Amino acid sequence: GAGVSQSPRYKVAKRGQDVALRCDPISGHVSLFWYQQALGQGPEFLTYFQNEAQLDKSGLPSDRFFAERPEGSVSTLKIQRTQQEDSAVYLCASSPGLAGVGEQYFGPGTRLTVT
Amino acid sequence: DQQVKQNSPSLSVQEGRISILNCDYTNSMFDYFLWYKKYPAEGPTFLISISSIKDKNEDGRFTVFLNKSAKHLSLHIVPSQPGDSAVYFCAASDRVEEYGNKLVFGAGTILRVKS
């Protein structure tokens, strides 16, 4: 079956530009997570959705980061006024359960480079 | 403050031998641990997990050992195969929350299996 997909796979933005990153989770998965992975590091949690409700956004690094999942399926991570430190791979993961317990299924990520 | 640490950035093993990847954690609230495997340009894929009520979990060539008193876990791969060459991430979760059990990742260990 289809896994988690993300688009675009690669994005180059000039400093100050806004970007939008899309995640299509596995159909029927209730839980959706966004992670940020800097070069040479492991993924770090950004935010969590249970269906359309954003229940945890404690990992978002600044108010320039905004995420939504309006219909409880596709999610978009938006970064406003991008800065060089935003350069990273952004990973989306989904999980079938309410609690997100157990394995999370990751997409291939979007590599964002801010120049 | 790194709550999950993988102190070996890389490991090289001969095909057919055992690979041992190590992981330490500091948060005593963690009660569920996972290993993910990542190939270049792909998202992490779930490999194996263990709950804190166990000290060992085995799945084919992969075994995870948990030492709660030492806050240490390890992944054993026997026998190692060239296709196992990848980055391995250790991750942990505290399933205290009713939802959104975000994963805390280590920085990863690059495993290279030589044929």
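This is a predicted model, so every value here is computed, not measured.

(A) Spatial organisation of the interface of chain A and chain B. If you look at the interface, chain A gives 26 residues, while chain B gives 21 residues. A combined buried area of about 1,700 Å² lies between chain A and chain B, and 61% of that area is made up of carbon and sulfur atoms. One can count 1 salt bridge joining chain A with chain B. Across the salt bridge formed by Asp56(A) and Lys102(B), the nearest N and O atoms sit 3.4 Å from each other. Counting every contact that joins chain A to chain B gives 4 residue pairs in polar contact (both at pLDDT 80 or more). Listing elements by their share of the side of chain A that touches chain B, those giving two or more residues are strand 4 (31–37), strand 5 (44–50) and strand 6 (53–56) of chain A. Residues belonging to the side of chain A that touches chain B are distributed by class as follows: 13 nonpolar, 10 polar and 3 charged.

(B) How the structure looks around the sheet that holds strand 7 (residues 65–68) of chain A. All names here are of chain A. One open sheet accounts for 4 strands, arranged 1-3-8-7; its pairing is antiparallel. Only two strands of the sheet have a single partner each, and these edge strands are strand 1 (5–7) and strand 7. Neighbouring strand axes in the sheet, compared pairwise and without regard to direction, differ in orientation by 15 degrees on average. Examined bridge by bridge, strand 7 and strand 8 (residues 75–79) share 4 bridges and lie antiparallel to one another. By the bridge assignment, Ala-67 is partnered in strand 8 with Leu-77.

(C) Here's a closer look at the pairing of strand 11 (residues 110–114) of chain A. All names here are of chain A. Burial along strand 11 is one-sided: the face carrying Thr-110, Leu-112 and Val-114 is buried and the face carrying Arg-111 and Thr-113 is not. Bridge count between strand 9 (residues 88–95) and strand 11: 3 bridges; the pairing is antiparallel. By the bridge assignment, Ala-88 is partnered in strand 11 with Leu-112.

(D) Expanded view of the environment of Ser49(B). Residue and element names in this part refer to chain B. Examined against the element boundaries, Ser-49 turns out to sit in strand 5 (residues 45–51). The exposure class of Ser-49 is buried, given its relative accessible area of 12%. Linking Ser-49 and Phe-33, residues 16 residues apart in sequence, is a C-alpha distance of 5.5 Å. Leaving out residues up to four positions away in the same chain, Ser-49 has contacts with Tyr-32, Phe-33, Leu-34, Asn-57 and Val-64. At 3.0 Å, the side chain of Ser-49 forms a polar contact with the side chain of Tyr-32.

(E) Main features of the pattern of salt bridges. Residue and element names in this part refer to chain A. Under the defined criterion, the tally for this structure stands at 6 salt bridges over all chains. Where Arg-22 meets Asp-24, a salt bridge forms, and the shortest distance between an N and an O atom there is 2.7 Å. For Arg-64, the salt bridge goes to Asp-86, with nearest N and O atoms at 2.8 Å. A residue pair is termed long-range when its members are at least 10 positions apart, and Arg-64 in the loop between strand 6 and strand 7 and Asp-86 in the loop between strand 8 and strand 9 qualify at 22 residues. Pair check on accessibility: Arg-64 and Asp-86 agree, each one buried.

Conventions adopted
Residues numbered from 1 in each chain as written. Chains lettered and ligands numbered in written order. Predicted model: local features only at pLDDT ≥ 70, side-chain atom pairs only at ≥ 80, totals over all residues. Heavy atoms only, no water. Contact = heavy atoms within 4.5 Å. Buried area = accessible area lost by both parts, 1.4 Å probe. Salt bridge = Lys/Arg side-chain N within 4 Å of Asp/Glu carboxyl O. Polar contact = N/O pair within 3.5 Å; in protein donor to acceptor, adjacent residues only side chain to side chain. Helix = DSSP H or I, 4+ residues; strand = E, 2+ residues; numbered from the N terminus. Nonpolar A, V, L, I, M, F, W, Y, C, P; charged D, E, K, R; others polar. Pairing = 2+ DSSP bridges. Axes fitted to C-alpha atoms, helices over the stretch in contact; angles between N-to-C directions. Buried < 20%, exposed > 50% of the residue type's maximum accessible area, 1.4 Å probe, protein only.

Such coordinate-based values are descriptive only and should not be taken to indicate function.
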